Structures are given as structure tokens and as C-alpha cells.
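Structural overview for review
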Amino acid sequence: MARIVQKFGGTSVADVDHIKAVAHRVKREVDAGNQVVAVPSAMAGVTNKLVDYTLSIGGADDTGEYDVVVSTGEQVTSGLLAIALQKLGVGARSMLAWQVPIHTDSRHGRARIMDIDRDQMEKALAQGQVPVVPGFQGLCPENRITTLGRGGSDTSAVALAAALDADRCDIYTDVDGIYTSDPRIVAKARKLDKITYEEMLEMASVGARVLQTRAVEMAMKHGVRLQVLSTFADVAGTLVVDEDEIVEKELVSGIAYSRDEAKITLVAVADKPGVAAAIFGPLADAGVNVDMIVQNVSADGKATDLTFTVIEGYLDKAIRVIEEKRQDLGYSEFISDSNVVKVSVIGVGMRSHAGVAQRMFQALADKGINIQVISTSEIKVSVLIAEEYTELAIRSLHTAYGLDAD
Ligand code: ADP
Ligand code: ASP
Ligand code: MG
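As a starting point, this report considers the structure included with it.

Criteria and cut-off values
What you see as residue numbers is a count from 1 along each chain, following the sequence as written. For this description, chains carry letters from A and ligands carry numbers from 1, given in the order in which they are written. At least 70 in pLDDT is required for a residue's local features to be given in this predicted model, at least 80 for side-chain atom pairs to be given and counted, and no such filter applies to totals for whole chains, interfaces and linings, which use all residues. Side-chain measures were taken over the full set of non-hydrogen atoms in the model, leaving aside hydrogen atoms and water. Working definition: helices are DSSP H or I runs of at least four residues, strands are E runs of at least two. Numbering for both runs from the N terminus. C-alpha atoms define the radius of gyration in this analysis, and the globule rule sets the expected value at 2.2 Å times the number of residues to the power 0.38. Residues are treated as being in contact if the distance between any of their heavy atoms lies within 4.5 Å. Note on charges: Lys and Arg go in the positive column, Asp and Glu in the negative column, and His and the chain ends are not counted at all. The location of each charge is read from NZ of Lys, CZ of Arg, CG of Asp or CD of Glu. Whether a residue is near a molecule or strand depends on its heavy atoms: it is near if one of them lies within 4 Å of it. Here a polar contact is taken to be a pair of N or O atoms separated by no more than 3.5 Å, where protein atoms must pair a possible hydrogen donor with a possible acceptor and residues adjacent in sequence count only if both atoms sit in side chains. Computed by Shrake-Rupley with a 1.4 Å probe, the accessible areas treat only the displayed protein chains as cover when residues are assessed. Pairs of strands are assigned from DSSP output, requiring at least two bridges between the strands. Orientation is described by axes fitted as lines to C-alpha atoms, over the contacting stretch for helices, and by angles from 0 to 180 degrees between their N-to-C directions. Criterion for a salt bridge: a side-chain nitrogen of Lys or Arg within 4 Å of a carboxyl oxygen of Asp or Glu. Each residue is placed in one exposure class: buried if its accessible area under a 1.4 Å probe, protein chains only, is under 20% of its type's maximum, exposed if it is over 50%, and partly exposed if it falls in between. Geometric relationships in this document are graded by angle, where less than 35 degrees denotes roughly parallel, more than 145 denotes roughly antiparallel, 65 to 115 denotes roughly perpendicular, and other angles denote oblique. Crossings are classed by handedness, with left-handed meaning an anticlockwise turn of the near helix from the far one by less than a right angle and right-handed meaning a clockwise turn. We define the nonpolar core as a collection of buried residues of types Ala, Val, Leu, Ile, Met, Phe, Trp, Tyr and Cys that are connected through side-chain atoms lying within 4.5 Å of one another. Between 30 and 60 degrees the pair is tilted, below 30 it is stacked and above 60 it is edge-to-face, where a pair is any two Phe, Tyr or Trp rings, Trp via its six-membered ring, whose centres lie within 6.5 Å.

**Quick look at the overall build of the protein**
Check the secondary structure of the protein and you find 13 helices and 18 strands. The C-alpha atoms of the protein give a radius of gyration of 23 Å, which matches the 22 Å a tight globule of 406 residues would have. Along the first, second and third principal axes, the C-alpha set of the protein runs to 75 × 50 × 35 Å. Sequence separation of 24 or more characterises 74% of the internal contacts of the protein that already satisfy a separation of 6 or more. Across the protein, 41 positive and 56 negative side-chain charges occur, with their mean positions spaced 3 Å apart.

**What about the site of ligand 2?**
The environment of ligand 2 is made up of S41, A42, T47, E74, F136, R150, G151, G152 and S153. R150 is positioned such that a nitrogen or oxygen atom in its side chain is 2.7 Å from an oxygen atom of ligand 2. G152 places a polar main-chain atom, nitrogen or oxygen, 3.4 Å from an oxygen atom of ligand 2. Relative to its unbound accessible area of 270 Å², ligand 2 is 86% covered by the protein chains.

**Thoughts on the sheet that holds strand 17 (residues 373–377)**
Taken together, the six strands give an open sheet; going across it, the order is 14-15-13-16-18-17, and neighbouring strands pair in antiparallel fashion. Looking at the sheet topology across the chains shown, the edges are occupied by strand 14 (290–295) and strand 17. Along the sheet, successive strands turn relative to each other by an average axial angle of 30°, direction set aside. With four bridges joining them, strand 14 and strand 15 (residues 303–311) adopt antiparallel strand pairing. Bridge pairing links Q295 to L306 in strand 15. Where helix 9 (residues 275–285) meets the sheet, it contacts strand 13 (254–270), strand 14 and strand 15, and its direction lies at approximately 20° from that of strand 15.

**Structural notes on the pattern of salt bridges**
On inspection of all chains with the given rule, the structure shows 21 salt bridges. The partner of R118 in a salt bridge is D165, with the nearest N and O atoms 3.0 Å apart. Highlighted residues: R118 in the loop between strand 5 (113–116) and helix 5 (119–126) and D165 in the loop between helix 6 (153–163) and strand 9 (168–173), separated in sequence by 47 residues. Given a relative accessible area of 29%, R118 falls into the partly exposed group. Note that D291 and K342 form a salt bridge whose closest N and O atoms lie 2.6 Å from each other.

**Structural notes on the packing of helix 7 (residues 197–205) against helix 8 (residues 213–222)**
Contact geometry for helix 7 and helix 8: axes closest at 8 Å, N-to-C directions at 165°. In terms of orientation, helix 7 and helix 8 fall into the roughly antiparallel class. Classified by chirality, the crossing of helix 8 by helix 7 is left-handed. Packed against helix 7, whose contacting residues are Y197, E198, M200, L201, A204 and S205, the element helix 8 presents T213, V216, E217, A219 and M220 at the interface.

**A look at the nonpolar core**
Ranked by size, the top nonpolar core spans 47 residues in total, and within it I116, C169, I178, M200 and L211 carry the most contacts. Of all the secondary structure elements, the ones that give two or more residues to this core are strand 2 (35–40), strand 5, helix 5, helix 6, strand 9, helix 7, helix 8 and strand 11 (226–230). No other element matches helix 6, which puts seven residues into this core. Apart from residues lying up to four places away in sequence, L211 is in contact with D154, I171, I178, M200, A204, V216, L226, V228 and V240. V186, I255, A393 and Y401 belong to the second-largest nonpolar core, a separate cluster that totals 24 residues.

**Overview of the packing of aromatic side chains**
Under the counting rule described, the total for this entry stands at three aromatic pairs. When the ring of F280 is compared with that of F308, the centres are 5.2 Å apart and the planes differ by 85°; the resulting orientation is edge-to-face. With a gap of 28 residues between them, F280 in helix 9 and F308 in strand 15 connect regions that are remote in the sequence. Among the residues examined, F308 registers a relative accessible area of 0% and is labelled buried. Centre to centre, the rings of Y331 and F334 are 6.1 Å apart; their planes meet at 75°, and the pair counts as edge-to-face. With relative accessibility at 5%, the residue Y331 sits in the buried group.

Here you go:
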């Protein structure tokens, strides 16, 4: 007997018929003698609608009431899935985050899971029941509902798998695994049998939304066996594993992109000690995360340009901070641009091979694509380019690194 957490994404529970099909998937595991905890997302599109309602009435996305509203999509699918299971003769009950409870911190809209009480779920499992636990939601110390950030149901599922010592956490979605690049953009993307936690973590953090970053982080930390597979097809998915489980390491295993970027350039800031701190300190205080940064050496030793990127949704806030600090920073003007995309190549093979970044720069140069900002980590190279070149860049890089499917 195995213990499995099955998570179903929005398209997998898009309507009542899909939920019935999902119930059959859960039943199959139960019939095989396994214990199952099911974690549904909201129906596709529902969370977006709930977010729109909340923002349009003036509710901020970091408040308790925001979470009360946007967490409801998962409550609906949990109840429906429990009913669908009961109709198939499978014992099941919904168990909302406050009933488990799933304890989080108090950061509304982007809460972190602190602790999960396993007793209620254990009781249900011992009685042969399937607990259906809504993804995305938690309970904070102030006794209010929280949500875990967009795509957070993945994290709920992994956290439940860790808390319950599950043998596997299966993430069912609308693609049949993790690909070398987003299969919706790169027709020649190849499905990977396995990918390392580390690579998946980088891929998720630079935009591959197939798994939420925090879910991968948590799986890596707790050694959760994570699998991504299709709700709609009975084919093997992709396993996320430790590096030593992969025999043939590829130089580059994936290419990811994020359109959710904006670039700000401060023109002619003083080239003297303390300037970077004066800019990035107030941004951090305002909760604006800065990602890529480039600063030129000044030609005259006096002034230089400073360019950095932020998440697009934070652009207005960043601009407000920069305008407020104009006196202190002493720049001549600032330029902002949200028509940019960050494209990244990821692979643990980079650690031991030179020339990986160069191949990227050359491939982009061959297509006449200008690189605006570059950043690197041990297993990743990211570049910022104009958004209009997104598809061309990703496909060219996919070919340049020999990733295209035959
Ligand atoms: P769910 O609603 O099931 O959580 P998501 O939309 O969050 O599904 O994630 C699945 C989507 O992730 C796919 O439809 C695909 O377009 C996208 N995606 C991006 N990069 C990749 C990748 N490297 N491999 C597979 N899917 C990817
Ligand atoms: N429904 C939430 C969202 O759309 C959580 C999730 O689907 O993972 O972000
Ligand atoms: Mg998702």
C-alpha cells in the first residue's frame, strides 16, 4: 500500500464532467489499495475572476478579505470532488484548510505554510476515506484564511505529502510532464523523463509555471517524490529527483521565459559609494523585489546609468519610490519599459562546461536580437530582451542547445 497525494490543476477540474473524470482517477488509486489525499485547484479561470472582483471593488491583494474571496474557488471544487467520489462509492470528505488545519504565516496573498496538523487526515485515512483538501489556502495565527500566492495549490500538495510522509506527490495538469521548454511555445519541446530538483527550482523561479517555485523548494527540502503528469492521458510523466538519480546529465535541460518583467533605467546617477544602497534599500523597504541589475563604469568618473528589473506588477510602486527619492539619488531622468521578457537557459551541466553562455549570446546575435541585461547563477543564464522576440528567441535557443525533438 502506498500513500499518495494527487493534485489536480484548474483545467483538470474545469467543470463538473472533468471533476467526475478526476474522481475516477482517484478511485483507481484507491482500488489499487492506496491511501489518497486529493488536492484540487479552483476551476480554470475562476481564481482570475475572483481576483478581478476583489481588486475592482478596491480590495488590495495583501489583505484578509482578498484571501477570503480568492480562496473560495478551491472550496467549490473540493466539495464537488468529494461528492463525485461518494457517487462512485469511494468514501471521501472535504477538509478545508482551517479544518486540517494548515497553519501559515500572516502574509495575506502570499502566505507561507508553517505547519500542518496531520491528525484529522490520518483519522479519515484510517477509516478508508479520501480527504479532499483544497489547494492554495491556509489558516494564519490571527485565525483568518490565507492564500499561498498564484499557483499555490502545487505547494499545498507538496506540503501535505511531506506532512503525511506520502510515498509520492502526483501533480496532474494539462501537459503530460515537464518539457525542455513550454510546449505551447516550442512545438519541438521534448518531454523529460527526469529533472533534478535544482534545475526545476531554477526553471520555476524564472517563469516555467508548470510547478510553483515554493513547491519545488519544499519537495527538495523534504525529499518528496514529485511527479508531473497528465490528467487527460495515461502516459508516464516526469519525475523530479536528486541529481545522483540522473545518469546522463544534459548540458542544458530547459529554457524558460517570463513576460512578467519590467525594466527601469536611472540615467546619470552619481558614480560614488552608497548609491546602490540608496536606491535598492528603499525599494526593498517598499516590498519591491529587484531581480537583474547592470551598472556601467562611468566614463568620466562622475555619473553612470543603472538598469534593473522588477516584476511587472510592482513597476508602479517602484516608480513611486524612485520619484520620492529623486533628491537623494540625483539621477537626471528615469526610463521604464515593460515590453521586455526574461529568457533563461538552465542546466546542471553548466557547472562543468565552459561556453554555455556564449552559445546563448551567439544564437541570439544570429537572429539580430539585442540583449539588454544579463544575469547568471551556477546553473542558469538569463537575458532580458524585447518582448516581441520571445518566441523567436526561445525556439532559436532550443535548437542551438540541441534540445529539439526528432
Ligand atoms: P495547472 O492549472 O494544472 O496548475 P499550469 O497552467 O499552472 O497548470 O501549468 C501547466 C502549464 O505550464 C502548461 O500548460 C504549460 O503551458 C506551462 N509550462 C511552462 N513551461 C513548461 C515546461 N517546461 N514543461 C511543461 N509545461 C510548461
Ligand atoms: N487557483 C489558484 C491560482 O489560480 C491556485 C492554483 O491553481 O494553484 O493561482
Ligand atoms: Mg499551476
